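# Structural characterization, general
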Amino acid sequence: MKVKVQLTIMICLLLALVAGSPAAAAFVEVELDTNYTYLNTSFQYLKVNDLMQLDQTEMFVLQTTSGGSEVKTITSPFVDDVTREFTNTQGTIGGATITIAEASSTVTIGEAYATNVFTELYVPAFAAKIPGKEGVIGLGKYNNSAAKEDFTTWGDCFRLQEAMYFFAGATGSEYEGAIYRVDPPGGPVNEGVVKINSTGAGPYYDPANLGDTLTNVNNVVNLTDYTTARAGSVAIPRPVTDGKYAVSALAYFPENETFYVYGGLPVTIMDGDRKILWNGSAAAPTFTQNVSEDVTVTFDNTASITNISYVLVNTDEAYDAIVHVNTSNLLEGAKTSWQNLIPSSPAMPQILEDGIRSFGPDPDGAYTYAIKLTSEPDFPPYATDKSLAITPGYGISDVERNGNSIVIPSEQLDDLVPGNYTLYALGTDAEYDTLALDQLSVNITDITTHEEGIAPGWNLISVNVINGTVVYPDEIAGDKLYVYNLTAENYDEVPLDEIVPGKGYWIATYLPGNIVATGVAMGSYTVPLDTGWNMVGSLSKPVAIADAIVVPDGALVPDSAFRYNTTTRRYDRVDTINPGDGVWLNAREDCTFSLSI
């Protein structure tokens, strides 16, 4: 799939994705070819601040639960820098001129993206703080069912909204409330639900005049000083459908017929939480390369899901992003899809949905992007359809339309760099309303082989692979291993095939040879230590003993780690446990010893 990234003007779609950067005050301006009127409110200009400025744009969800409703956060891979590239800075499409006025094409993002996902149909409480600005706060939902032919004038931005709420309050007042709700789809304006204070006062609203309502002095939310948008007790009608919403801060200035958008926060509202399943399991999975089979991704409840997309991306790394924007296609894209007006950098839920919709057919399309590791000198080539443009080996993605599950071929997983990944998945209905959105940790491991030489006589050894096999030389004395029994103060015999990773063992051989262990490289272990001497094992890489976690702290005797030197037939004190070694440790009290790479 060709994945694109965008923000959307609040007036049309009320959705904004937020990051952070110092950039221009006005990022996008749309000038319409004529004045449009909605509820006696005329407008000709839409101006949008750079919504990627966290120092100017602070949007907050105040209420995380309501009546048992839970909220979860969908994060995104950490992105260090975003470079925006424009084919040009102005385009005129469909009777409107869009201008991108940007001070710099490079944006430094201070933190990873996140999207609030509410798992029940209710309207959350929210607030905004934009220094030096005043306005109101709104919540809106994409109207995914609106067709291109429905969008005939910019007044349809309002008429075709599936759901739209405006909220108002005054600093220090006792009331806040909803002053408008547009009934779906494009129906009459609901007069709203307001919270009235003890004197019977409340926000001013005229259901026939949106502009007058938004600019009434009693309704202003003073964003300079930070004001809540509404109280949690306000009886707001529940949203009618699942989907993608946005909280935005905006203002209307009737003297120049202009709407300003100051900030935004993405919100997903769903009717129930649905969890990602990896081959039927919601637990954090491990995939072993060249051993595991294909993986099926789905949700624990697939009712009404007709489209599904996923992205699996390595989360051990930081990424850069590059965004290609062709401004001449921006407005045409808005008429076609309702989703695209303003370019931004990637937020994972938007990437997933764009994958399903397959916007941006090439790098010069309205919205396309690629991400690369910060350590890589070049961005990856733009991928073919159904492939996320990501640094090869560090991520994969795909889309299944007209289906509620998707298969990841083992061959694709085999090509990934071993490490920690996050699987993101999104499911929509036929109208592209979001029904399921979740993320899951995945560990990609590979099969490794460790070969450890042993000398004639006694050797203190360990294995550092799990779920594998161990092959010994033919001349092992007695075909046995020996492990120290601290209670009996002697050694117990252990069959060769019962060797346990993380423990140390004695083994004897008549001739030199090699112990070959094949399996998944072990990255950590925790073993109990008894008071006195204990034998522990190794990991797949050298690890300093000082980096071990000992509970309780101080239970390990300092400088008490020793390995057996087969050349000198003496013990050497060590401060690092190397792969294949067994090591003696002395504990002054019973404790646990945890080692990790």
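As the structure is a prediction and not an experimental result, all values here were calculated from the model.

### Some thoughts on the environment of N404
Inspection of the secondary structure puts N404 in the loop between strand 24 (395-401) and strand 25 (406-408). It is 8.5 Å that separates the C-alpha atoms of N404 and S304, two residues lying 100 residues apart in sequence. Filtering out sequence-adjacent residues up to four positions away, N404 remains in contact with T298, T302, I305 and I308.

### Looking at the packing of aromatic side chains
Two aromatic rings are characterised by how far apart their centres lie and by the angle between their planes. Summed over the entire model, instances satisfying the criterion amount to 13 aromatic pairs. Their ring planes at 75° and their centres at 5.7 Å tell us that F43 and F259 sit as a pair that is edge-to-face. Of this pair, F43 sits in strand 2 (residues 41-49) while F259 sits in strand 17 (residues 258-269), and the two are 216 residues apart along the sequence. Residue F43 shares its accessibility class with F259, and that shared class is buried. Here the aromatic rings of F253 and Y260 are separated by 5.1 Å at their centres, their planes lie at 85°, and the arrangement is edge-to-face. For F253, a relative accessible area of 29% gives the class partly exposed. Members of the aromatic cluster, joined through ring pairs, are W458, Y482, W506, Y564 and Y571.

### Regarding the sheet that holds strand 24
Sheet strands pair by backbone hydrogen bonding; their relative direction is either parallel or antiparallel. Across the sheet, which stays open at both edges, the five strands sit in the order 19-27-26-21-24 with mixed pairing between neighbours. Edge positions in the open sheet fall to strand 19 (286-288) and strand 24, since each of these has one partner strand only. Adjacent strand axes in the sheet meet at a mean angle of 20°, parallel and antiparallel pairs treated alike. For strand 21 (residues 307-314) and strand 24, the ladder comprises seven bridges, and the chain directions are antiparallel. Across the sheet, the residue bridging to N307 is R401, located in strand 24.

### Quick notes on the pairing of strand 42 (residues 583-587)
Of all five residues making up strand 42, five are buried, and the element is well covered by its neighbours. One ladder, built from five bridges, connects strand 36 (residues 532-536) with strand 42; its direction is antiparallel. Considered in strand 42, the bridge of V536 is made with V583.

### Here we look at the side chain of D581
Tracing the backbone through its elements, the reader meets D581 in the loop between strand 41 (576-577) and strand 42. Residue contacts for D581: discarding those within four places in its chain leaves E452, L460, I461, S462, V536, G537, S538 and R563.

### Brief notes about the confidence of the model for the chain
For the chain, the average pLDDT comes to 77, and 71% of its residues sit at 70 or higher. Here residues 226-234 is a poorly scored stretch, pLDDT under 50, and it has 35 contacts once near neighbours within four places are set aside; other chains count. Predicted confidence for residues 338-345 stays below pLDDT 50, and this span has 66 contacts to residues more than four positions away or in other chains.

### A short note on unusual backbone geometry
Put simply, V551 and P552 share a cis peptide bond, and its omega is 5°. One non-glycine residue, N279, lies in positive phi territory at about 50°. Positionally, N279 belongs in the loop between strand 18 (276-278) and strand 19. The phi dihedral of N290 is positive, around 65°, even though this residue is not glycine.

### Regarding the pattern of salt bridges
Counting across every chain of the model gives six salt bridges. Note that D438 and K72 form a salt bridge whose closest N and O atoms lie 3.2 Å from each other. Of this pair, D438 sits in strand 27 (residues 434-445) while K72 sits in strand 4 (residues 71-75), and the two are 366 residues apart along the sequence. With respect to burial, D438 and K72 carry one shared label: buried. Each of K72, D273, K275 and D438 takes part in salt bridges that share partners, so that together they form one network.

### Looking at the side chain of T422
By the secondary structure assignment, T422 is in strand 26 (residues 419-428). Given the relative accessible area of 9%, T422 is considered buried. Setting aside its immediate chain neighbours within four residues, T422 contacts V311, L312, V313, T315, Q439 and L440.

### Re the nonpolar core
V30, L214, F259, Y319, L352 and L437 are the most contacted members of the largest nonpolar core, which totals 41 residues. Among the elements that take part in this core, strand 1 (residues 26-38) stands out by supplying five residues, more than any other. Membership of the second largest hydrophobic core comes to 23 residues, among which are I305, I396, A425 and L435.

### A few points about the sheet that holds strand 18
Sheet architecture is open: three strands sit in the order 18-20-25, paired in antiparallel fashion. Whereas interior strands pair on both sides, the edge strands pair on one side only; in this sheet they are strand 18 and strand 25. On average, each strand axis in the sheet is inclined to that of its neighbour by 25°, with strand direction left out of account. Pairing analysis gives three bridges linking strand 20 (residues 295-299) to strand 25, with the strands arranged antiparallel. Counted as the bridge partner of V297 is I406 from strand 25.

Cut-offs used in this document
- Residues numbered from 1 in each chain as written.
- Predicted model: local features only at pLDDT ≥ 70, side-chain atom pairs only at ≥ 80, totals over all residues.
- Heavy atoms only, no water.
- Helix = DSSP H or I, 4+ residues; strand = E, 2+ residues; numbered from the N terminus.
- Contact = heavy atoms within 4.5 Å.
- Phe/Tyr/Trp six-rings, centres within 6.5 Å; stacked < 30°, edge-to-face > 60°.
- Buried < 20%, exposed > 50% of the residue type's maximum accessible area, 1.4 Å probe, protein only.
- Pairing = 2+ DSSP bridges.
- Axes fitted to C-alpha atoms, helices over the stretch in contact; angles between N-to-C directions.
- pLDDT = per-residue confidence, 0-100.
- Salt bridge = Lys/Arg side-chain N within 4 Å of Asp/Glu carboxyl O.
- Core = buried A, V, L, I, M, F, W, Y, C linked by side-chain atoms within 4.5 Å.

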